[in-house]
Amino acid sequence: MKSIMMKINGDQYTLEIQDNWTLLYVLRDVLHLTGTKYGCGTGDCGACKVLINGIAKNSCTLLAKNLENHEITTIEGLSQRDKLHPVQEAFIEAGAIQCGFCTPGMVITAVALLDQNPYPTENEIVVALENNLCRCTGYKKIIDAIRLASKKRDRR
Ligand code: FES
Ligand code: FES
């Protein structure tokens, strides 16, 4: 076991972890933050994406022991009390959710994209979503949702 410190959703944690524990395992099985999903476990589907120091990354392929003092934001950390993040609201408004399994990873990718590029073109959205798989929606409504979230920034 190794003791590491991490900031997760704004709270500081000291965690006792084993060398082979992934960040996804720590989030879901140690901290019970189950909004982050386990899809493939091999870095291919994006269901496990979280923000690490503001960058969207797959948590299933990262060892927690290498993330000492990193700042992690999961889907649970995006909303504020009962108020959803504007990207979450846009996904609902655009009807971009069917089974919802891919949605946390999609939203995390969208948040990271819009933070870096507030007004992405459709092609830039498609490129950003390359590592996020959805088996339900056909992607169009997800792209619509991210465009909607981008437009909503002007109204805030
Ligand atoms: S579960 Fe991590 S990329 Fe699929
Ligand atoms: S909504 Fe079902 S996998 Fe995307």
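Participant: Provide a residue-level description of a nonpolar patch on the surface, including the pertinent values.
Facilitator: Together, Leu84, Ile92 and Ile97 make up a nonpolar patch on the protein surface, roughly 250 Å² of accessible area in all. Residue position: Ile97 is located in the loop between helix H2 (86-93) and helix H3 (103-116).

Participant: So what about unusual backbone geometry? Which residues, and what values?
Facilitator: Glycine aside, a negative phi is what most residues show, and trans is what most peptide bonds show. In the Ramachandran plot, Asn9 falls in the positive-phi region, its phi being about 50 degrees despite a non-glycine side chain. By secondary structure assignment, the location of Asn9 is in the loop between strand S1 (2-8) and strand S2 (11-17). Overall, Asn9 belongs to the partly exposed group, its relative accessible area being 24%.

Participant: Go over the pairing of strand S4 (residues 55-58) with me, naming the residues and quoting the values.
Facilitator: Within a regular beta strand, the side chains point alternately toward one face of the sheet and then the other, so they alternate between its two faces. Inspection of the sheet shows strand S3 (residues 49-52) paired to S4 by four bridges, in the antiparallel sense. Across the sheet, Ile52 pairs through a bridge with Ile55, a residue of S4. In this antiparallel pair of consecutive strands, S3 and S4, the connection spans two residues, and Asn53 shows a positive phi of 50 degrees.

Participant: How would you sum up the packing of aromatic side chains? Please name residues and give values.
Facilitator: A complete count under the given rule lists one aromatic pair for this structure. Both rings, one in Trp21 and one in Tyr25, keep their centres 5.0 Å apart while their planes meet at 50 degrees; by these two values the pair is tilted. Among the residues examined, Tyr25 registers a relative accessible area of 35% and is labelled partly exposed. When the ring centre of Phe101 is taken as origin, the NZ or CZ atom of Arg135, which lies over that ring, is 5.8 Å away.

Participant: Give me the lowdown on the domain arrangement of the chain, citing residues and values where you can.
Facilitator: If you check the domain split of the chain, you get domain 1 (2-75) and domain 2 (86-153). For domain 1 versus domain 2, the distance between C-alpha centres works out to 21 Å. Listed per partner, the contact involves 19 residues of domain 1 and 13 residues of domain 2. Between domain 1 and domain 2 lies a buried interface of about 1200 Å² when both sides are counted; carbon and sulfur atoms form 63% of it. Counting across the interface, domain 1 meets domain 2 through five residue pairs in polar contact (both at pLDDT 80 or more). The set of elements that each furnish at least two residues to the side of domain 1 that touches domain 2 consists of S3 and S4. Of the residues contributing to the side of domain 1 that touches domain 2, the split by class is eight nonpolar, eight polar and three charged.

Participant: Quick rundown of the packing of H2 against helix H5 (residues 140-153)? Include the residues and the values.
Facilitator: Packed helices, taken two at a time, are described by the angle between their axes plus the distance between the axes. As a packed pair, H2 and H5 sit with axes 8 Å apart at the nearest point and diverge in direction by 130 degrees. By the angle class used here, H2 and H5 are oblique. The crossing of H2 and H5 is right-handed. Here Val87, Ala90, Phe91 and Glu93 of H2 lie close against H5, whose contacting residues are Ile142, Ala145, Ile146, Leu148, Ala149 and Lys152.

Participant: Outline the pattern of salt bridges, supporting the account with residue identities and numerical values.
Facilitator: As enumerated under the stated definition, the model contains four salt bridges in all. Of the charged contacts in the structure, one is a salt bridge between Lys83 and Glu89, with a shortest N-O distance of 2.8 Å. Salt-bridge contacts for Lys152 lead to Glu93; the nearest nitrogen and oxygen are separated by 2.9 Å. A residue pair is termed long-range when its members are at least 10 positions apart, and Lys152 in helix H5 and Glu93 in helix H2 qualify at 59 residues. Overall, the relative accessible area of 15% leaves Lys152 in the buried class.

The rules behind these values
Sequence positions are assigned chain by chain, starting from 1 and proceeding in written order. The order in which chains are written sets their letters, starting at A; the order in which ligands are written sets their numbers, starting at 1. Since the coordinates come from a predicted model, pLDDT governs what is reported: local features require at least 70, and pairs of side-chain atoms require 80 or more to be given and counted, while whole-chain, interface and lining totals use all residues. As a rule here, side-chain values come from all non-hydrogen atoms in the structure, and water together with hydrogens is ignored. Nonpolar side chains (Val, Leu, Ile, Met, Phe, Trp, Tyr) within 5 Å and like charges within 9 Å form the patches, drawn only from residues with over 30% relative accessible area and no salt bridge. In short, Shrake-Rupley with a 1.4 Å probe defines the accessible areas, and a residue's cover is counted only from the protein chains shown. In what follows, salt bridge is the name for a side-chain nitrogen of Lys or Arg lying within 4 Å of a carboxyl oxygen of Asp or Glu. Secondary structure elements are defined from DSSP: runs of H or I of at least 4 residues count as helices, runs of E of at least 2 residues count as strands, and each element is numbered from the N terminus. Relative accessibility thresholds used throughout: buried, under 20% of the residue-type maximum; exposed, over 50%; partly exposed, between the two (1.4 Å probe, protein chains only). Paired strands, as defined in this entry, are two strands with at least two bridges between them according to DSSP. Aromatic pairs are defined between Phe, Tyr and Trp rings, using the six-membered ring for Trp, whenever the two ring centres lie within 6.5 Å; interplanar angles under 30 degrees are classed as stacked, those over 60 as edge-to-face, and all others as tilted. In this scheme, the term charge over a ring applies when either NZ of a lysine or CZ of an arginine sits within 6 Å of the ring centre and within 35 degrees of the ring normal. For the domain bounds, the source is a domain assignment made automatically or taken from a database. Pairs of residues are marked as contacts when any of their non-hydrogen atoms sit within 4.5 Å. Two parts placed together each lose some accessible area; with a 1.4 Å probe, that loss summed over both constitutes the buried area. Here a polar contact means two N or O atoms within 3.5 Å. Within protein one must be a hydrogen donor candidate and the other an acceptor candidate, and residues neighboring in sequence count only if both atoms are side-chain atoms. In the scheme used here, Gly and all other residues not listed as nonpolar or charged are polar, with Ala, Val, Leu, Ile, Met, Phe, Trp, Tyr, Cys and Pro taken as nonpolar and Asp, Glu, Lys and Arg as charged. An axis is simply a line fitted to the C-alpha atoms; with a helix, the fit covers only the stretch in contact. Between two such axes, the angle follows the N-to-C directions and lies from 0 to 180 degrees. Oblique is the label for any angle not under 35 degrees, not over 145, and not in the 65 to 115 range, which are roughly parallel, roughly antiparallel and roughly perpendicular in turn. The hand of a helix crossing depends on one turn: near helix anticlockwise from the far one by less than a right angle means left-handed, and clockwise means right-handed.

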